[in-house]
Amino acid sequence: MAFLNTHKNKKPLGIYVHVPFCRSKCQYCDFYSLADHDETLVDSYLYAICRHIQETGPLAPNHYVDTIYFGGGTPSFLGAEGLAAILMEIRRNFDVAGDAEITFEANPDSVDDKLLKRLRAEGFNRVSLGIQCDDDEILSKIGRPHTYEQAVEAYHRIRKAKFQNVSVDLMFGLPGQSLMDWTNTLENVLQLHPEHISCYGLKVEEGTPLYEYKDFANLADDDTQADMYLAMVDILKEHGYRQYEISNFAKRGKVSRHNLKYWTGMEYIGFGPDASSDFAGKRYSYVRSLPDYVTGIREGGQIVSEIAEIPIRERAGEYLMMRLRTIGGINKAEYESSYLLPFEPLEQILETNRKLDLTRCDNDRWHLTPKGFLVSNSIISDLLLAQDRSEPLARRK
């Protein structure tokens, strides 16, 4: 179905809604979420989110919303009524495009036919399903509240509800997981034929339960994780999935439009505790506490925990860091015209790495290879150092 372009004079905008509720906390998770809560807190959250949306909408009269993403936590655990109410409030207060990508994250244990049917009717058109792996023993070790069989059942329920854009989240490097275990997970999940697959290497974050016993968890070492990553890239490519970002693969036309906003420096506004925004030249985030967020909204108090106006040289650094996460990469003309900094010092580093099969240049755009993604931090660090030493083009003689 085609939609008329009624937003010629407006800029695109993404909206992120953080839903901080879960049935239980996974062993590796460091996102802000609450496993122990009552209905009163949920009601307070819904009130605060909707009021916050009402207050923010008038600040974006020159924007139209083309992506909305409900993340968490576990948005599906909030239920259809809550998610529908928030989406309705966004539609009332923002100019939402008719073809907007509207995603909600879900865990297999928190979806049913009634929820899916309602959300589909409300206009949600994309689901991100957290599967992680196909081994029930490993799922139990990392605190996932579901089995692989439940995950498959949930996937089929999503299809039954006529969602035609489904992403699945997977993890590798999990406790006790071998390279063969990981490739078996990929082969089994590929039988479901999702449009999009996100594959993340396990990172043990300080402050998580897993961090406390990481030395005894039988985790994959760096070399094994690298083997898992390269095997994943090859397997998914063989099955028709194009890698468009370090951890993300999609069938043609099914990239995550919302997440591309983060990686390409586009504007987005977040709602909810610990949510972040990049809007009107400023980057800001909200307090990492639902009670403080609710109180701030109710009483007109402070809910912003950090705010900064980003200087152009810092934006240039973000361009390098974020764009090189994607297969689209970076471009000389784009870089120099946007940030008035010379590309030549960067090109020398990129050329050196091309000889090592870590970078490539296609159609005047430099990007990392799969091997390059594995050492991206080192390459980007070198590029940032070269950028810091560069003088703006306007000052060069």
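Everything below is about the structure shown above.
Residues numbered from 1 in each chain as written. Predicted model: local features only at pLDDT ≥ 70, side-chain atom pairs only at ≥ 80, totals over all residues. Heavy atoms only, no water.

1. Description of the nonpolar core
One broad rule of soluble globular proteins: the nonpolar side chains tend to lie buried together. Counting residues in each nonpolar core, the largest one holds 101 residues, and the members touching the most others are Phe 70 and Phe 94. If we skip the residues at most four places from it in the chain, Phe 94 touches Leu 13, Ile 15, Ile 53, Thr 56, Gly 57, Ala 60, Val 65, Ile 269 and Phe 271. If you look at the next biggest cluster of nonpolar residues, it comprises 12 residues, including Ile 138, Leu 139, Leu 174 and Ala 217. (Core = buried A, V, L, I, M, F, W, Y, C linked by side-chain atoms within 4.5 Å. Buried < 20%, exposed > 50% of the residue type's maximum accessible area, 1.4 Å probe, protein only. Contact = heavy atoms within 4.5 Å.)

2. Remarks on the sheet that holds strand S14 (residues 359-362)
Read from one edge to the other, the open sheet built from three strands follows the order S13-S15-S14, with strand pairing classed as antiparallel. Two strands in the sheet have a free side with no partner beyond their single neighbour: strand S13 (330-331) and S14. For S14 and strand S15 (residues 365-368), the ladder comprises four bridges, and the chain directions are antiparallel. Bridge pairing links Arg 360 to His 367 in S15. (Pairing = 2+ DSSP bridges. Helix = DSSP H or I, 4+ residues; strand = E, 2+ residues; numbered from the N terminus.)

3. Details of helix H9 (residues 222-238)
Relative to the 24 Å expected for 17 residues at 1.5 Å per residue, H9 spans 25 Å between its end C-alpha atoms, a close match to the ideal helical length. When H9 is considered as a whole, its buried residues turn out to be Gln 225, Ala 226, Met 228, Tyr 229, Ala 231, Met 232, Val 233, Ile 235 and Leu 236. For H9, the secondary structure elements touched by its buried residues are strand S5 (166-172), helix H7 (179-190), strand S6 (196-201), strand S7 (242-245), strand S8 (248-250) and helix H15 (370-374). A positive backbone phi angle near 90° is found at Gly 240, which sits one or two residues after H9. (Expected span 1.5 Å × (residues − 1).)

4. A word on helix H1 (residues 39-56)
The terminal C-alpha atoms of H1 lie 26 Å apart, and with 18 residues this matches the ideal 26 Å at 1.5 Å per residue to within 8%. All of the buried residues in H1 are Val 42, Ser 44, Tyr 45, Leu 46, Ala 48, Ile 49, Cys 50, His 52, Ile 53 and Thr 56. Those residues of H1 hidden inside the fold are in contact with strand S1 (11-19), helix H2 (75-78), helix H3 (80-93), strand S9 (268-271), strand S11 (282-286) and helix H11 (290-299).

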